[in-house]
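Observations on the model geometry
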Amino acid sequence: METLVVLGTACVLGFLHALEIDHMLAVTTFVTRRPKLAVAAGFGARWGLGHSIAVLLAGGLLLATGLKLPARFDAAGEAVVGLMLVGLGLWAWRSAARLHLHTPEEHGGHAHVHAHDAKADAHAHAHEPAHAHAHPHAHPHEHEHGHAPHEAPVHHHHHHHDHPHPHAHAGHEHGGITLVGLMHGLAGTSAVVALVPVTMLQSLPVGLGYLVMFGVGVTAAMTLFAMAAAYAMRQAAERSLVWGRRAARIVGTAGIVVGAWWVLRAVGVIG
């Protein structure tokens, strides 16, 4: 019974740990690019997975060997996380300028918000002239060239315009946020291990169970937070694209400020 209580406590602590400002800012940076609930849930879950893997592997090693990481490791981890946040903040600013709202008419009856990549924008603009000739009945000469009505260019170009952008770099984004979670996990491993009750250190399986449940709480919390952030971001962008871009820039600015604070703290400029 005592073990179950401790494992449940680990899950709760993991849930609370996920909702630290630097964690939320990192995940929100990804969410601002594609504020859809399902996509955001994937971002949150992958960040949580990366964080959990790092804590389980590194923390398990510390529990198994009884070693403790030197203070300079914690400082180095904080500096790396700080630099990462600054980079994500700058990325959020860049993405904010490319945030676009597609109307329901363009996306099958529902509004769609996402950040366009430079190549995707070029691809979209390259097809713009084709839409001017996308009505076969308005141009009889098309039939003179042997095109049947169902083969008119309207179908081909309309298909490509429906979904050219959202998944172009999805793999890179998902891999990137998993890596971000790993970095956060490694930077905070010693602090997590310090939370493991002394009585559990005598049993490696139970200690590892503690770390696993901590990861479950982390992943659940970040998945829910990412979905909430996506909902708020999408509501703001659909009401006013200007406010959607402002929200992305606010997230970026906060990431830069918090990241700079972590770096300065790691090098000893601030206590």
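A brief report on the enclosed structure follows.

Basis of the calculations
Residues numbered from 1 in each chain as written. Predicted model: local features only at pLDDT ≥ 70, side-chain atom pairs only at ≥ 80, totals over all residues. Heavy atoms only, no water. Helix = DSSP H or I, 4+ residues; strand = E, 2+ residues; numbered from the N terminus. Buried < 20%, exposed > 50% of the residue type's maximum accessible area, 1.4 Å probe, protein only. Contact = heavy atoms within 4.5 Å. Areas by Shrake-Rupley, 256 points an atom, 1.4 Å probe, with all protein chains shown as cover. Phe/Tyr/Trp six-rings, centres within 6.5 Å; stacked < 30°, edge-to-face > 60°. Axes fitted to C-alpha atoms, helices over the stretch in contact; angles between N-to-C directions. Left-handed = near helix turned anticlockwise from the far one by under 90°. Nonpolar A, V, L, I, M, F, W, Y, C, P; charged D, E, K, R; others polar. Expected span 1.5 Å × (residues − 1). Patch = residues over 30% accessible without salt bridge, like charges linked within 9 Å, V, L, I, M, F, W, Y side chains within 5 Å. Salt bridge = Lys/Arg side-chain N within 4 Å of Asp/Glu carboxyl O.

Turning to the overall build of the protein chain, a few remarks are in order. A tally of helices and strands in the protein chain yields 10 helices and 2 strands. Along the chain direction, N to C, the helices and strands of the protein chain fall in the order α-α-α-α-β-β-α-α-α-α-α-α. When the 271 residues of the protein chain are sorted by exposure, 42% land in the buried category. In the protein chain, once contacts between residues fewer than 6 apart in sequence are set aside, the share between residues at least 24 apart is 79%. Summing over all exposed atoms, the protein chain offers an accessible surface of approximately 14000 Å²; the carbon and sulfur share of this is 70%.

It is worth spelling out the packing of aromatic side chains at this point. Within the structure shown, the criterion is met by 3 aromatic pairs. Ring geometry for Phe 30 versus Trp 91: centroids 5.0 Å apart, planes at 70°, classification edge-to-face. Note that Phe 30 is positioned in helix 2 (residues 21-33) and Trp 91 in helix 4 (residues 71-97), a separation of 61 residues in sequence. You can call Phe 30 buried: its relative accessible area is 4%. Grouped by ring-pair contacts, the aromatic residues Phe 30, Phe 43 and Trp 91 constitute a single cluster.

Turning next to the packing of helix 1 (residues 2-18) against helix 9 (residues 204-239). Here helix 1 crosses helix 9 at 40°, and the two axes come no closer than 6 Å. Crossing angle aside, the handedness with which helix 1 passes helix 9 is right-handed. Of helix 9, the residues touching helix 1 (which contributes Thr 3, Val 6, Leu 7, Ala 10, Cys 11, Leu 13, Gly 14, Phe 15, His 17 and Ala 18) are Val 206, Gly 209, Tyr 210, Met 213, Phe 214, Val 216, Gly 217, Val 218, Ala 220, Ala 221, Met 222 and Leu 224. A class-by-class count of the residues in the contact of helix 1 with helix 9 yields 17 nonpolar, 5 polar and no charged.

To continue, consider helix 4. A rise of 1.5 Å per residue sets the reference length of helix 4, with its 27 residues, at 39 Å; its end C-alpha atoms lie 40 Å apart and thus fit the reference within 8%. For helix 4, every residue scored as buried is listed here: Gly 77, Glu 78, Ala 79, Val 81, Gly 82, Met 84, Leu 85, Leu 88, Gly 89, Ala 92, Ser 95 and Ala 96.

Attention shifts here to a nonpolar patch on the surface. On the surface, Val 12, Phe 15, Leu 16, Leu 19 and Leu 224 cluster together to form a nonpolar patch covering roughly 440 Å² of accessible area. Residue position: Leu 19 is located in the loop between helix 1 and helix 2.

Position of Asp 22 relative to the elements: it lies in helix 2. The spatial distance from the C-alpha of Asp 22 to the C-alpha of Gly 259 is 7.7 Å, given a sequence separation of 237 residues. Discounting chain neighbours no more than four positions away, the residues touching Asp 22 are Val 81, Leu 85, His 184, Val 258 and Trp 262.

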